[in-house]
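Architecture and fold: a report
As a plain string of letters, each chain reads:
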Amino acid sequence: MANSSEHRDLFPGALELMILHSLRLKPMHGYALVKHIKQASDNILRAEEGSIYPALQRMLKDGLLESEEGVSAKGRPTRIYRLTDAGRKRLKKELSSFEEMYDGIARVLSVARLSRIAMSS
Amino acid sequence: MSYRHRRYDDLSVSILEHLDEKIEELIAEGLSYEEAERVTHREFGDVAVVEENSREIWQGPIESVLSDIRQALFKLGGSARIAVSVVLTMALGIGACTAIFTLVHTISLRPLPVSDPQSLYRIGDTGDPLANDRIGFPGEDGDFYLFSYILYQHLRSSIPELGQLAAMGVGHESVAMQHGTLTLNEDVEYVSGNYFSTLGAAPYMGRTLTDADDIIGAPPVAVIRYQVWQKDFGGDPAVIGSTVILQSHPVRIVGVAAQEFFGEQVVSNPPAFWVPIALQPLLSKYWAVLHPEENCFFLVGRIRHGVEIDALQRRISAELRQWLSTQSAYTTEINRPRIAKQHVVLTPVSTGIRGYFYQSTRLNLYLLLGFSIVILLIACINAANLLLIKGEKQRVDTIMRIALGASRFRVIQKAVAESVVLGCIGGLIGLVVSYATAHIILRLAVMDSPYSPIQAAPSLPVTGFTLLVAVVAGTFFGIVPAWITSGNGSLWVSVTRKILVFTQACLSTALIVTAGLLMASLWKMEHEFFGVELRDRYVVHFNVSGSGYRPDQLASLYSALQQQLQAVPGVRSVGFSLCAPLDGFEGTTLHMKIHFQDANRNGGSLGKAALNRVSPGFFDVAGGRILKGRDFRESDTAVSQPVAIISEAFAKKFFPDEDPIGHRFAHGESASYQIVGIAADAKYLEARGDIVPTYFRPMLQWQPDLRDPVDEEFETVSAYVNSAVLYMNGPSEHLETDVREAIRRVNPQLPIRSIRSFDSLVHISFRHERTIAYITTLFGMMALLLTVAGFYNVARYQRETSEQPTGMRTLYRLILSGIALGIPIAFLCAHFIEVQLHIVIPHVWSGLMIAFVLLMGYVFAEYIMSHRKRFIASESPLRQSMRSSNFNQ
């Protein structure tokens, strides 16, 4: 309850985008993916680690990913996830729309900042 | 499926690896195994939930619902307090509703247990058969719904489109039955010979009646009801072909009706025997039912498939008018113009004829149904409130799921599945609540006989109904909180909670205040003065007319009875009357058309009054009073001057401005009676009923030679006085056995129907009002319990989450304004009931009192709650340390 506001700001699809982006470089298993996202995002993803699995399943079902049997860094059996062509396409699309949205937000924020500067001057 | 299962297995492998790898890493960083495990699980989240959420993605809609239900059952343990509260809440709500529905279903929705009930139609629609004159046109507006036997036979032979047409008496008649050593009073119903074949009711054993049985002079036969056969004859198969004595005439039992068969209408006490109408002149003194103008039969026909109802209705109406125009009774100057308006209405009777019993219980049932729906509503609100709290607590989980891409629909679906599961468990427990409640209702309404077709146990359709209610209610109380807590505005949560709290306060106040008003009204009605003293008075009912006495033997019979009853220990005095005070339940009442020799009286000299015949000294015994003139004496006999005592109401009606003593009046062709006294008004029908203008005649003043057979019949009928009133010195433990013994000494064959105190007669008279008042109070208590529990939960949650006390303040303000609105609603509701049930509610005082009590209750609750809050706050370590630091300063 206490830190709910931080979670609330995670927009739908954010996790998916991060997964797609991470797997773009190389196929990974679940734990490696979590660690990668945590490190890369400078620990922005404070959500429970388990939450990545439902997302992975949904993406598998949508054909964005495929998985194969493999072994982890410690030599234990696990599933390795890799991007499919559809996944790559989706990533491209999501990235461009995310950038558009990001630009939009940035513009709004900079306008707000400008007007604040204007008011204070 | 196997593909999907492999996915699930892969998933578990991945998760397991994830956890192991992380634990190993943390241990490498220097944590102990236990610590590493704890941290890993905390950061990973609930493994079961993650797995469930992941699997869900591969599931189809049905499978996902099943998994939701599975999960809901699994989760019940998780938030046990809320789950238990919701289940109990719903058990009360659904139980109350189901109880009433059980009765509504039995009384008005259950198909008759006969073959193809859908093709059964009644000729006639509405009408309370007991409220009208049986002579002449039954309905004011030309609606013909009751028929004489002769008219029945005419219609039966002249309308071939009616496949079969059966006639049955509108009421049952109580007769004396003897079988071996058994002497009892049983109800018989007179039916036409084709009654069973028309209804399509096969016998359990033996045969049913036939047209050959329904001919005057045919050997007397009867069909016995299954339950009576079990109860009184021990289910002995030898009963077929055996002879019972009904009203001192031998009648052969030819069949046992099917176990589930109770007749053509649902009543709490179906007849014990069905006998042919042709037996009526033999068994009943009221043989006038065979007169052409005496309309006292319902007609039910089985209509062939394909026959158009409207056309048939017109055809029967035309035939009826044609027949009426040939009958002298209907072609008098006043009646002839009304013939053109006469018509019949055909009504389907697949669920039974809606006779007097239905008419008298329907309103009460629908009222209670309304109240039970309010209870269900309060229960739903309560459950919604609880789930809102739960939803708030699980908000993090919900937001997470939505952030992960689960649709809002899916989140709501999950929550609703959970509430439906809770609702269904509540429904199952509700069935138990319903059985108990329905049982209480039947008990209060004096209908709790094990032999009655109306039972409290929920039937299969009722169980289906309960399940439906549970699912609908579960959806209702689940969907709102789920919708709100899955959105992202906590504003809506608080607004919704406020609306729920307000509605709940308002509804439960309305219910409990209504209950209070009804109780006040019941108390007032029961403690009215009925014109007689209730204390130490008892009525004994026996059946003289069924025991074969001739009119000239009556004087010695009553004298013997008087002597024996007077000798019963504790008896102060004994009196006899045709109709005992407050005894509409079993007493005989005769309404007579009387006329005065003074032609100017009462406009045209005709008027109606009730006739009662009493023994000398009866008014003293019953605790009534003679206001003026004299009581009857032993010297008022068949050979002395015919005399009468009139009631106050009679005097007011016919002698508004003069002293009635000494005046004369008569009924029919009888000799005229001289008025010798005026008795104070008393309720001789039901305590519940009105005061009726009444005249009393001496029990043994008997006029033998009346010319008109109808007059003669009434004279005879009224001479068979069937009740004695006992005035006791005080309570007597063995009264019943003593009285039975005393009567047995006079004639062991004289059946005793009942022995009741005046108090219990009053009690019986108000059974419907009491049922309504008590059950409304029960529902009111349930509502109060639910509401208080609901408020407690909300308040507790408010305390847990909110730092400022304004939340609590708002809550109490809402409750108080809910109460404020609930009280006027209750008064409106009570007014509606008052009009519908013809009762009087002492509004002002009881209302103010209830309002005051409720207000005090809530003020007290608020006081306690605020103190409790302070108390709890003072216990918290933080506060304690703050306080002590303040103190130290």
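None of these values were measured; they are calculated from a predicted model. (Residues numbered from 1 in each chain as written. Chains lettered and ligands numbered in written order. Predicted model: local features only at pLDDT ≥ 70, side-chain atom pairs only at ≥ 80, totals over all residues. Heavy atoms only, no water.)

Here we come to the overall build of chain A. The helix and strand inventory of chain A stands at 5 helices and 3 strands. Beginning at the N terminus, the succession of helices and strands in chain A can be written as α-α-β-α-α-β-β-α. Burial analysis of chain A (121 residues in total) assigns 38% to the buried set. For chain A, the share of sequence-separated contacts (at least 6 apart) that also reach a separation of at least 24 residues comes to 48%. Accessible surface, chain A as shown: approximately 7400 Å² in total, 55% of it carbon and sulfur. (Helix = DSSP H or I, 4+ residues; strand = E, 2+ residues; numbered from the N terminus. Buried < 20%, exposed > 50% of the residue type's maximum accessible area, 1.4 Å probe, protein only. Contact = heavy atoms within 4.5 Å. Areas by Shrake-Rupley, 256 points an atom, 1.4 Å probe, with all protein chains shown as cover.)

Further remarks concern the overall build of chain B. When helices and strands are tallied, chain B shows 25 helices and 22 strands. Counting every position in chain B, which comprises 889 residues, the buried fraction comes to 54%. Restricting the contact set of chain B to residue pairs at least 6 apart, pairs at least 24 apart contribute 80%.

Our focus in this paragraph is the pattern of salt bridges. Residues and elements named next belong to chain B. Counting across every chain of the model gives 24 salt bridges over all chains. Glu-43 is the salt-bridge partner of Lys-22, the closest N and O atoms lying 2.5 Å from each other. With Lys-22 in helix α1 (residues 2–28) and Glu-43 in helix α2 (residues 33–44), this residue pair connects regions lying 21 residues apart in the sequence. Exposure remark for Lys-22: the relative accessible area of 6% places this residue in the buried category. Taking the relative accessible area as the measure of exposure, Glu-43 reaches 28% and is therefore partly exposed. Taking the shortest distance from any N to any O, the salt bridge between Arg-630 and Asp-636 comes out at 3.0 Å. Accessibility classification places Arg-630 together with Asp-636 in one group, the buried group. (Salt bridge = Lys/Arg side-chain N within 4 Å of Asp/Glu carboxyl O.)

Here the focus is the nonpolar core. Residues and elements named next belong to chain B. Formed by 137 residues in total, the largest nonpolar core has its most connected members in Val-86, Met-90, Phe-261 and Phe-779. Broken down by element, this core gets its largest block of residues, 18 residues, from helix α11 (residues 356–393). Apart from residues lying up to four places away in sequence, Met-90 is in contact with Gly-95, Leu-376, Ala-379, Cys-380, Ala-383, Gly-423, Gly-426, Ala-473 and Phe-477. Residues Tyr-152, Ile-159, Leu-162 and Leu-246 belong to the second largest nonpolar core, which totals 48 residues. (Core = buried A, V, L, I, M, F, W, Y, C linked by side-chain atoms within 4.5 Å.)

All names here are of chain A. Taken in spatial order, the 3 strands line up as β1-β3-β2 in an open sheet, and their pairing is antiparallel. With one partner strand each, in any of the chains shown, β1 (28–29) and β2 (65–71) form the two edges of the open sheet. Here β1 pairs with strand β3 (residues 77–83) via 2 bridges, running antiparallel. Pairing of Met-28 across the sheet is with Tyr-81, part of β3. (Pairing = 2+ DSSP bridges.)

In a packed pair of helices, the relevant descriptors are the angle between the two axes and the axis-to-axis distance. Residues and elements named next belong to chain B. Contact geometry for helix α16 (residues 554–566) and helix α20 (residues 735–746): axes closest at 9 Å, N-to-C directions at 145°. Two packed elements cross with a definite hand, and for α16 against α20 that hand is right-handed. Here Leu-557, Ala-560, Leu-561, Gln-564 and Leu-565 of α16 lie close against α20, whose contacting residues are Val-739, Ala-742, Ile-743, Arg-745 and Val-746. Split by residue class, the contact of α16 with α20 holds 8 nonpolar, 1 polar and 1 charged. (Axes fitted to C-alpha atoms, helices over the stretch in contact; angles between N-to-C directions. Left-handed = near helix turned anticlockwise from the far one by under 90°. Nonpolar A, V, L, I, M, F, W, Y, C, P; charged D, E, K, R; others polar.)

Residues three or four positions apart in an α-helix share a direction because the helix packs 3.6 residues into each turn. Residue and element names in this part refer to chain B. Given a rise of 1.5 Å per residue, 12 residues ought to cover 16 Å, and the 17 Å separating the end C-alpha atoms of α20 matches this to within 8%. Within the sequence span of α20, burial applies to Leu-735, Val-739, Ala-742 and Ile-743. The buried residues of α20 occupy an angular sector of 95° when projected down its axis, which confines them to one face. Considering only its buried residues, α20 is in contact with β12 (537–542), α16, β21 (723–728) and β22 (752–757). (Expected span 1.5 Å × (residues − 1). Arc of directions from axis to C-beta.)

Glancing now at the pairing of strand β9 (residues 273–276) of chain B. All names here are of chain B. The alternating pattern of β9 places Phe-273 and Val-275 and Trp-274 and Pro-276 on opposite faces, both of which are buried. Here strand β4 (residues 182–191) runs beside β9; their pairing, made up of 4 bridges, is parallel. Pairing of Val-191 across the sheet is with Pro-276, part of β9.

All names here are of chain B. All chains considered together, the criterion is met by 0 disulfides over all chains. Cys-424 forms no disulfide, and the closest cysteine sulfur to it belongs to Cys-380, at a distance of 12 Å. For Cys-506, which is in no disulfide, the shortest distance to another cysteine sulfur is to Cys-829 and amounts to 11 Å. Overall, Cys-506 belongs to the buried group, its relative accessible area being 7%. (Disulfide = S-S within 2.5 Å.)

Take the side chain of B:Arg767 next. Its location among the elements puts B:Arg767 in helix α22 (residues 767–801). In this structure the side chain of B:Arg767 is engaged in a polar contact, spanning 2.9 Å, whose partner is the backbone oxygen of B:Ile764. (Polar contact = N/O pair within 3.5 Å; in protein donor to acceptor, adjacent residues only side chain to side chain.)

So, about unusual backbone geometry. Residues and elements named next belong to chain B. One non-glycine residue, Asp-116, lies in positive phi territory at about 45°. As for its placement among the helices and strands, Asp-116 is situated in the loop between α5 (80–109) and β1 (120–123). One non-glycine residue, Asp-536, lies in positive phi territory at about 60°. Within the fold, Asp-536 resides in the loop between α15 (490–526) and β12.

Here we come to the packing of aromatic side chains. All names here are of chain B. Counted according to the given criterion, the structure contains 26 aromatic pairs over all chains. When the centroid spacing of 6.1 Å and the interplanar angle of 75° are considered together, the rings of Phe-618 and Phe-619 count as edge-to-face. Judged by relative accessible area, which is 3%, Phe-619 ranks as buried. Members of the aromatic cluster, joined through ring pairs, are Phe-650, Phe-654, Phe-665, Tyr-673 and Tyr-695. (Phe/Tyr/Trp six-rings, centres within 6.5 Å; stacked < 30°, edge-to-face > 60°.)

What follows deals with the packing of helix α2 (residues 14–25) of chain A against helix α4 (residues 52–61) of chain A. Residues and elements named next belong to chain A. Between α2 and α4, whose axes approach to 10 Å, the crossing angle comes to 75°. Considering the angle they form, α2 stands roughly perpendicular to α4. Residues Leu-15, Glu-16, Ile-19 and Leu-20 of α2 lie in contact with α4, whose contacting residues are Ile-52, Ala-55, Leu-56 and Met-59. Classifying every residue of the contact of α2 with α4 gives 7 nonpolar, no polar and 1 charged. (Parallel < 35°, antiparallel > 145°, perpendicular 65-115°, else oblique.)

What follows covers the environment of B:Gln265. All names here are of chain B. Secondary-structure assignment places Gln-265 in the loop between β8 (249–257) and β9. When its relative accessible area of 6% is taken as the criterion, Gln-265 is described as buried. In the structure, Gln-265 is positioned 93 residues away from Tyr-358 in sequence and 8.5 Å away in space, judged by C-alpha atoms. In this view, Gln-265 contacts Val-170, Phe-298, Ile-353, Gly-355 and Tyr-356; residues no more than four positions away in its chain are not counted.

Residue and element names in this part refer to chain B. With 16 residues, helix α10 (residues 309–324) should reach 22 Å at 1.5 Å per residue; the first-to-last C-alpha distance of 22 Å fits that figure. Those residues of α10 that fall on the buried side of the exposure criterion are Leu-312, Gln-313, Ile-316, Ser-317, Glu-319, Leu-320, Trp-323 and Leu-324. With its buried residues spanning 165° around the axis, α10 presents them on a single face. Buried residues along α10 sit in contact with β1, α6 (149–158), β2 (162–169), β10 (297–303) and β11 (346–348).

So, about a nonpolar patch on the surface. All names here are of chain B. Together, Val-84, Leu-88, Leu-428 and Ile-429 give the surface a local cluster of nonpolar side chains, amounting to about 360 Å² of exposed area. Among the elements of the structure, α5 and α13 (408–444) are those that each provide at least two residues to the nonpolar patch. For Val-84, the location among the structural elements is in helix α5. (Patch = residues over 30% accessible without salt bridge, like charges linked within 9 Å, V, L, I, M, F, W, Y side chains within 5 Å.)

Take the confidence of the model for chain B next. Residues and elements named next belong to chain B. Put simply, chain B has an average pLDDT of 82, and 85% of its residues get 70 or more. Across chain B, strand β6 (residues 221–224) holds the top mean pLDDT of 96, while helix α25 (residues 877–888) sits lowest at 40. Here residues 871–889 is a poorly scored stretch, pLDDT under 50, and it has 5 contacts once near neighbours within four places are set aside; other chains count. Our summary of model confidence lists the complex with pTM equal to 0.74 and ipTM equal to 0.79. (pLDDT = per-residue confidence, 0-100.)

This paragraph deals with the environment of B:Pro271. All names here are of chain B. Within the secondary structure, Pro-271 is located in the loop between β8 and β9. Residue Pro-271 is classed as buried on the basis of its relative accessible area, which comes to 1%. As a C-alpha pair, Pro-271 and Ser-148 span 123 residues in sequence and 21 Å in three-dimensional space. Beyond its immediate sequence surroundings of up to four residues, Pro-271 is in contact with His-172, Asp-187, Val-188, Glu-189, Arg-225 and Phe-262.

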